[in-house]
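Each chain, letter by letter, is given below.
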Amino acid sequence: MAEQQQRPSWSEYFMSITELVAQRSTCIRRKVGAILVRDKRIICTGYNGAPKEIQHCLDVGCMRQQMGVPSGERHELCRGLHAEQNAIIQAALHGVSIDGTTLYCTNMPCSICSKMLINAGIVEIYFKEGYADSLSTIMLDEAGIPYKTFVPAGAQPPGR
């Protein structure tokens, strides 16, 4: 009899893909990946980096780092887009609705991305690591969108 192979759960599968997407990031400070999923199908992906035709931070340096801007503050002082923003833009460019999708992201969305995700109709969020922007959780709570830290099977939840 053949040995039963362990398959990843759907959340483990999608979070693994999200981590692979993050490897395309051109951000010096943090590599972030995001995917939007509906009915166990990936609708679109995104990673953080500069808009097309704009030099990447890998090439010209990080303005936020040079100015000493802490993580989670002054989001407008960055040449890059967040992974969640790029995923939303990719869906829009290809005429694909993301209403009713689940976000898998390597980091908790910031408040700007959270506002966009709320209006886009995202129904739940899984993330691997937190982010220093408490307004995002306040807004997601008010909008009734559940979010939770992804914990792989067999791993201890954070804080234990």
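Residues numbered from 1 in each chain as written. Predicted model: local features only at pLDDT ≥ 70, side-chain atom pairs only at ≥ 80, totals over all residues. Heavy atoms only, no water.

Draft legend 1. Up close: the overall build of the protein chain. Check the secondary structure of the protein chain and you find six helices and five strands. Helices and strands appear in the protein chain in the N-to-C order α-β-β-α-α-α-β-α-β-α-β. Its C-alpha atoms give the protein chain a radius of gyration of 16 Å, within 12% of the compact-globule value 15 Å for 160 residues. Dimensions of the protein chain, computed from C-alpha atoms along their principal axes, come out at roughly 60 × 40 × 35 Å. Expressed as a percentage of the 160 residues in the protein chain, the buried residues total 40%. Across the protein chain, the centroid of the 16 positively charged side chains sits 3 Å from that of the 15 negatively charged ones. (Helix = DSSP H or I, 4+ residues; strand = E, 2+ residues; numbered from the N terminus. Rg over C-alpha atoms; globule rule 2.2 N^0.38 Å. Buried < 20%, exposed > 50% of the residue type's maximum accessible area, 1.4 Å probe, protein only. Lys, Arg positive; Asp, Glu negative; His and termini not counted. Charge placed at Lys NZ, Arg CZ, Asp CG, Glu CD.)

Draft legend 2. Layout of the side chain of Ser11. By secondary structure assignment, the location of Ser11 is in helix H1 (residues 10-22). Apart from residues lying up to four places away in sequence, Ser11 is in contact with Tyr104, Tyr126 and Phe150. (Contact = heavy atoms within 4.5 Å.)

Draft legend 3. Quick peek at the sheet that holds strand E3 (residues 102-107). With mixed pairing, the five strands of this open sheet are ordered in space as E2-E1-E3-E4-E5. In the strand order of this sheet, the two ends are held by strand E2 (41-47) and strand E5 (147-149), each with one partner. On average, each strand axis in the sheet is inclined to that of its neighbour by 20°, with strand direction left out of account. Pairing geometry for strand E4 (residues 124-129) and E5, over three bridges, is parallel. Its bridge partner lying in E5, Phe127 is registered against Thr149. (Pairing = 2+ DSSP bridges. Axes fitted to C-alpha atoms, helices over the stretch in contact; angles between N-to-C directions.)

Draft legend 4. Seen up close, the packing of helix H4 (residues 83-93) against helix H5 (residues 111-120). At a minimum axis distance of 9 Å, the contact between H4 and H5 shows a crossing angle of 30°. In terms of their interaxial angle, H4 and H5 are classed as roughly parallel. Of the two possible hands of crossing, H4 and H5 adopt the one that is left-handed. Along its contact with H4, which presents Glu84, Gln85 and Ile88, the element H5 presents Ile112, Cys113, Met116 and Leu117. When its residues are assigned to classes, the contact of H4 with H5 shows five nonpolar, one polar and one charged. (Parallel < 35°, antiparallel > 145°, perpendicular 65-115°, else oblique. Left-handed = near helix turned anticlockwise from the far one by under 90°. Nonpolar A, V, L, I, M, F, W, Y, C, P; charged D, E, K, R; others polar.)

Draft legend 5. How the structure looks around the pairing of E3. Extensive coverage of E3 is indicated by the burial of six of its six residues. Here four bridges tie strand E1 (residues 33-38) to E3, and the two strands are oriented antiparallel to one another. For Leu36, the partnering residue across the bridge sits in E3 and is Leu103. Bridging between E3 and E4 involves five bridges; their strand directions are parallel. Of the residues in E4, the one forming a bridge with Tyr104 is Tyr126. Considered for its hand, the β-α-β crossover made up of E3, H5 and E4 is right-handed. (Right-handed = clockwise from strand over helix to strand, strands pointing away.)

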